[in-house]
Amino acid sequence: MKLKLRIWRQASTNAQGRMVEYELDGVSEDMSFLEMLDLLNEELTLRNEEPVAFDHDCREGICGMCSLVINGVAHGPQQTTTCQLHMRSFSDGATIDIEPWQAGPFPVIKDLVVDRTALDKIIQAGGYISSNTGSAPDAHATPAPKREADIAFDNATCIGCGACVAACPNSSSMLFTAAKITHLAMLPQGQPERYRRVKSMVAAQDELGFGNCTNIGECAAVCPKGIPLESISQLNRDMMKAMFRGDGK
Ligand code: SF4
Ligand code: FES
């Protein structure tokens, strides 16, 4: 395949960025999107040009690092992570626009790399349980109903990639926060801090500059792990209960 790539280049957070065009030949349809960028970077390095900075780690859909907007869509056309997107999803001769996540709380560090520390700060505000340390308990020591356990598991698959924020016109992190809230709210271990958690995590996302959710649904449409809008409803139900409890918990 031969491609025309239009890639966002930005030397540093405060530098002016711009789209730069590259021709790339010899791309296999079996390459992942990141392998295609590796090929481009090899060529740029051989020409003594600055390679394109982009984030990645696991390259198997687990770590959530590979945050790219491809042809205007977070993670590209397949609703999967960028590392699991393959070049067979594009046509020979295609022009592909590649940009970083664009959201106020995710400043660009360089080229396609953004700082997603803000998501870690939301987790720090309450995305944990209190638990006495000691040896691991037996697997069935704390029974959880099957339906709730399944919902908890599905929400625990959120990898914190931030595509939901990048896709939302309001730059809202609501789907991410809702996945964490719902995961813990469904399990017995998540009950002691349940209502304190929802209040502090929602307050944290507001303080960090994420926008409000207005039920547009772009977040769920691009989420590579299929976190549903129902999780936001669960968050809203817990938030309502938290506001009327009045016991500070
Ligand atoms: S909810 Fe989906 S899109 Fe948002 S951070 Fe989690 S996995 Fe990524
Ligand atoms: S590189 Fe880890 S999810 Fe893509």
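All values derive from a computational prediction rather than experimental measurement. (Residues numbered from 1 in each chain as written. Chains lettered and ligands numbered in written order. Predicted model: local features only at pLDDT ≥ 70, side-chain atom pairs only at ≥ 80, totals over all residues.)

A. Quick look at unusual backbone geometry. Even without being glycine, Ser171 reaches a positive phi, approximately 50°. Using a count of 20 C-beta atoms within 10 Å as the deciding quantity, one classes Ser171 as buried. With a phi close to 60°, Asn215 is a non-glycine residue in the positive phi region. Mapped onto the secondary structure, Asn215 falls in the loop between helix 6 (194-207) and helix 7 (218-222). Looking at Asn215, the number of C-beta atoms within 10 Å reads 8, which means it is exposed. (Buried ≥ 20, exposed ≤ 12 C-beta atoms within 10 Å, placed from the backbone. Helix = DSSP H or I, 4+ residues; strand = E, 2+ residues; numbered from the N terminus.)

B. Expanded view of the sheet that holds strand 2 (residues 18-24). Read across the open sheet, the 5 strands follow the order 2-1-5-3-4; overall the sheet is mixed. Taken across any chain shown, the strands that pair with only one partner, and hence form the sheet edges, are strand 2 and strand 4 (73-74). Where strand 1 (residues 3-9) meets strand 5 (residues 95-99), 4 bridges bridge the pair, whose relative direction is parallel. Each bridged residue has a counterpart across the sheet, and for Ile7 the counterpart in strand 5 is Ile98. (Pairing = 2+ DSSP bridges.)

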